[in-house]
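Structural description and commentary
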Amino acid sequence: MTSAHLSPMTAAVSTSLTRNATASRAHRRVAYTARRARRTPLVIAAIATLALSGCATFSDDGGFAPVADATQQRLGKSAVWARDDAASQALAKQRDDLLARPLDMDTAVQLTLLNHRGLQATYAELGIAEASLVQAGRLPNPRFTFQRVQGGGDVGIERTWGIDFVRVLTMPLASRVEARRFAQVQAQVTQAIVAQATLTRRAWIDAVAAQERVQILEQTSLATQAASELADGMARAGNFSAMRRTQENLVYADTAARLARAREQASAAREQLARQMGLWGQQLSFTLPQRLPALPATRPASADAEALAIRERADVRAARAALDATASDLGLTRVTRFVNVLDTAYRDNSATGSASERGYEISLEVPLFDWGSTRIAGAEARYRQSIDHLADTAVAARADVRTRRAQTLAAWDIAEHYRTTLLPMRQRVSDEWLLRYNGMLASVFDLLTDAREQRDTVLGYIDATSDYWLADAAFRESLGGGMPESSLSRSPTEATAPVASPASTAPSAPATPPGAPPATSPAAPPATSQPASSHQAQRHGGGA
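Residues numbered from 1 in each chain as written. Predicted model: local features only at pLDDT ≥ 70, side-chain atom pairs only at ≥ 80, totals over all residues. Heavy atoms only, no water.

1. A word on the overall build of the protein
Worth spelling out the cut-off: To qualify as a helix, a DSSP run of H or I must reach at least 4 residues; to qualify as a strand, a run of E must reach at least 2; elements of each kind are numbered from the N terminus. Buried, partly exposed and exposed residues are distinguished by accessible area as a fraction of the type maximum, computed with a 1.4 Å probe on protein chains only: under 20%, between the cut-offs, and over 50%, respectively. Any two residues whose heavy atoms approach within 4.5 Å at even a single point are treated as in contact.
Scanning the protein from N- to C-terminus turns up 14 helices and four strands. Per-residue burial for the protein yields a buried fraction of 40% across its 544 residues. If you take every contact in the protein between residues at least 6 apart in sequence, the share linking residues at least 24 apart comes to 80%.

In structure tokens:
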């Protein structure tokens, strides 16, 4: 073929190739435009996600609202975190209002929640945990390096902008980990509030019981003093032997010693209560009720106590939150198993007499010797440890609930026995002695001896009632601060507290025996006693 024949073919092929090349470029442009169109939303979404996650901020209440709600649900009281001077002043005003009236047990708990500085310090743990949570939700700061090298009349400058890309990629998972840790801290703070409320209840019970013992001993001290002085007078008249006189003097001296000890214990108990409520200075002049609350009229029922404890106890909730946090840690460790360090950077280099150079830099840790197996093994061990810890905490909680419930029921039985059996029987004996005294069949010393025995019975009742309320406080703590629904549905009406004064049977003025000098000090006035009904006493053997 000649060149004349080849030229048209070459032109045709060239034209065909040109058309094909033009079509190929157009196709590539279309494909590039399509890919760019598909990538644009993804890039925008990624940038928006990173921007939004980088704007994580602190909450207005520092995460205290769930703690306050849990406190209200379990204790029926409000907890406030004073985060500024205005809130502190408002709490001080509420504290003064509460101190203006006698403090019952619930008021003492409320006062503790508002005024205890140790609890306020515990609340600060929420701020620390929230700071970690917010930090985990924010983008890491970029890294900038600048290098200037000069030599041979030339100057080289290197500028690099970099960022920890692994941290950016794992930021959502790290935020969830910190969120679970924050929930764990909230559970721990709630547990601290319940524990402090329990300490306050116990201190209040001890203080009121000690105060009540002092009142009883003060009454009997007057009676024993009268008996001692009467014995002195009868001994001087020759109607009493020295031994009998010494016996009466000894009883008075022993009562005085017991009264002094009771006053010291009451003072210490009051100080302990003030410590638990965070009071000092002028705030110490608070007023307590005269008596402990009356026993519930019916035996406490708590069939669903264990289920409530597993659901509400703060230590169980904290162990569960720790397990969730450990599981998240395990997931994060698995994600970053092979690549734990991945930095990306933008480089801009320039040198004298040369054009600027721009590019990017990627540095990562090559998993050549460490494939992350050690970190995975450690995370898995911590996860299994958390599982066992949660199971052990649940078992301990159930055992604690059963123990506290048994102690509460036993304490109620003992106190109820005192209320319905011992006190009515003691009152009946005192009434019989008084009848005999009025019929001149018993002496005033017989009445005073009976008054001392009645004092011991009343003190025993006070101790039994105090033991019940202490056991009740411990039982509430074992349940997480609340009470089971079965107990609440059978909430007893407040029974009238039978308080029999040991001086109730003491004569208002001792009769003067023939030939004896008149007594110089009258006995204590009779106090009002409210024994239980006779059928209750007979049901418990009181009719014997």
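2. Points about the nonpolar core
Where we set the bar: Residues enter a nonpolar core if they are buried and are Ala, Val, Leu, Ile, Met, Phe, Trp, Tyr or Cys, with the set joined through side-chain atoms within 4.5 Å.
The biggest cluster of nonpolar side chains holds 43 residues, and the ones touching the most others in it are Trp204, Leu273, Met277, Phe286 and Leu288. Broken down by secondary-structure element, the contributors of at least two residues to this core are helix H3 (85-99), helix H4 (105-115), helix H7 (171-236), helix H8 (242-277), helix H11 (373-438) and helix H12 (444-478). The biggest single contributor to this core is H7, with ten residues. Sequence-distant contacts of Met277, defined by excluding residues within four places in its chain, comprise Leu103, Ala108, Leu111, Thr112, Asn115, His116, Thr200 and Phe286.

3. Remarks on the environment of Arg148
What counts is decided by this rule: Whenever a nitrogen or oxygen atom comes within 3.5 Å of another N or O atom, the pair is scored as a polar contact, on the condition that within protein one atom can donate a hydrogen and the other can accept it, and that pairs from neighbouring residues in sequence are kept only if both atoms are in side chains.
Position of Arg148 relative to the elements: it lies in strand E1 (residues 143-151). When near neighbours in sequence (up to four residues on either side) are disregarded, Arg148 contacts Val155, Gly156 and Ile157. In terms of polar contacts, Arg148 uses its side chain to reach the side chain of Gln150, at 3.4 Å.

4. Focus: the side chain of Thr408
Relative to the helices and strands, Thr408 is located in helix H11. Using a relative accessible area of 2% as the deciding quantity, one classes Thr408 as buried. Excluding residues that lie within four positions of it along the chain, Thr408 makes contacts with Tyr468, Ala471, Asp472 and Phe475.

5. With respect to the pattern of salt bridges
What counts is decided by this rule: Any carboxyl oxygen of Asp or Glu that lies within 4 Å of a side-chain nitrogen of Lys or Arg is treated as forming a salt bridge with it.
Per the stated rule, a full pass over the model turns up 23 salt bridges. Residue Glu312 is joined to Arg74 by a salt bridge in which the shortest nitrogen-to-oxygen separation is 3.4 Å. Of the two residues, Glu312 sits in helix H9 (residues 305-312) while Arg74 sits in helix H2 (residues 65-75), which places them 238 residues apart along the sequence. Side by side, Glu312 and Arg74 carry an identical accessibility label, which is buried. With a shortest N-O distance of 3.1 Å, Glu218 and Arg263 are connected by a salt bridge. Of this pair, Glu218 sits in helix H7 while Arg263 is found in helix H8, placing the two residues 45 residues apart along the sequence.

6. Some points on the packing of aromatic side chains
We count it as follows: Each aromatic pair joins two rings of Phe, Tyr and Trp (for Trp, the six-membered one) with centres within 6.5 Å, and gets the label stacked for planes under 30 degrees apart, edge-to-face for over 60, and tilted for any other angle.
Under the counting rule described, the total for this entry stands at six aromatic pairs. Judged by centre distance (6.0 Å) and plane angle (55°), the ring pair of Phe64 and Trp81 falls under tilted. Here Trp81 lies in the loop between H2 and H3 and Phe64 lies in the loop between helix H1 (3-53) and H2, a separation of 17 residues in the sequence. The exposure class of Trp81 is buried, given its relative accessible area of 16%. Ring geometry for Trp81 and Tyr123: centres 6.4 Å apart, planes at 65°, overall edge-to-face.

7. Describing the side chain of Asp232
Relative to the assigned elements, Asp232 resides in helix H7. In this structure, Asp232 is in contact with Arg245 and Asn249, ignoring residues within four places of it in sequence.

8. Considering H2
So the rule is basically this: The directions from the helix axis to the C-beta atoms form the arc being described.
Of the positions making up H2, those classed as buried are Val67, Ala68, Ala70, Thr71, Arg74 and Leu75. For H2, the arc enclosing every buried residue in end-on projection is 165°, short of the 170-degree limit, so these residues lie on one face. Across from the buried face of H2, at angles greater than 90 degrees, the exposed residues are Asp69 and Gln73. Downstream of H2 by a residue or two, Gly76 has a phi angle that is positive, lying close to 70°.

9. Thoughts on the packing of H2 against H7
What counts here: Here an axis means a line fitted to C-alpha atoms, over the contact stretch when the element is a helix, while the angle between two N-to-C directions is reported on a 0 to 180 degree scale. Crossing handedness: left-handed means the near helix sits turned counterclockwise from the far one by under a right angle, and right-handed means the same turn made clockwise. Basically, the charged four are Asp, Glu, Lys and Arg, the nonpolar ten are Ala, Val, Leu, Ile, Met, Phe, Trp, Tyr, Cys and Pro, and anything else, Gly included, counts as polar.
Axis separation between H2 and H7 bottoms out at 9 Å; the angle between their running directions is 40°. The crossing of H2 and H7 is right-handed. Residues Pro66, Val67, Ala70, Thr71, Arg74 and Leu75 of H2 touch H7, and the partners they reach there are Gln186, Val189, Thr190, Ile193, Val194, Ala197 and Arg201. Taken together, the residues of the contact of H2 with H7 break down into eight nonpolar, three polar and two charged.

10. Brief notes about the pairing of strand E2 (residues 154-164)
How we decide: Any two strands between which DSSP finds at least two bridges are classified as paired.
Of the pairings in the sheet, the one linking E1 to E2 comprises nine bridges and is antiparallel in character. When the sheet's bridge partners are listed, Gln150 is paired in E2 with Val155.

11. So, a nonpolar patch on the surface
Rules: In this scheme, patches are assembled from residues that exceed 30% relative accessible area and form no salt bridge. Like charges are connected within 9 Å, while nonpolar side chains (Val, Leu, Ile, Met, Phe, Trp, Tyr) are connected within 5 Å. Methods summary: accessible areas were calculated by the Shrake-Rupley approach with a probe of 1.4 Å, and residue burial reflects only the protein chains presented.
A cluster of nonpolar side chains, contributed by Phe144, Phe146, Trp161 and Tyr346, occupies part of the molecular surface with about 450 Å² of accessible area. Here Trp161 lies in strand E2.

12. Observations regarding the environment of Ala136
Checked against the element boundaries, Ala136 lands in helix H5 (residues 117-136). With relative accessibility at 16%, the residue Ala136 sits in the buried group. Taking the C-alpha atoms as reference points, Ala136 and Pro172, 36 residues apart in sequence, are found 8.2 Å from one another. With residues up to four places along the chain from it excluded, the contact list for Ala136 reads Met171, Ala174, Ser175 and Glu178.

13. A closer look at the confidence of the model for the protein
Any segment with low pLDDT has predicted coordinates that should not be analysed in fine detail. The condition that has to hold: One confidence number per residue, pLDDT, is output by the predictor and ranges from 0 to 100.
Within the protein, residue pLDDT values average 78, and 76% of them lie at 70 or more. Across the protein, element-level confidence peaks in H8 with a mean pLDDT of 94 and bottoms out in helix H14 (residues 534-539) with 39. Between residues 1-23, whose pLDDT stays under 50, and residues either more than four places distant or in other chains, the model counts one contact. Between residues 488-544, whose pLDDT stays under 50, and residues either more than four places distant or in other chains, the model counts 117 contacts.

14. Observations concerning the environment of Pro142
Take Pro142: it is sitting in the loop between H5 and E1. When the C-alpha positions of Pro142 and Asp164 are compared, they lie 7.6 Å apart, and in sequence the two are 22 residues distant. Contacts of Pro142, omitting those with residues within four sequence positions, involve Trp161 and Gly162.

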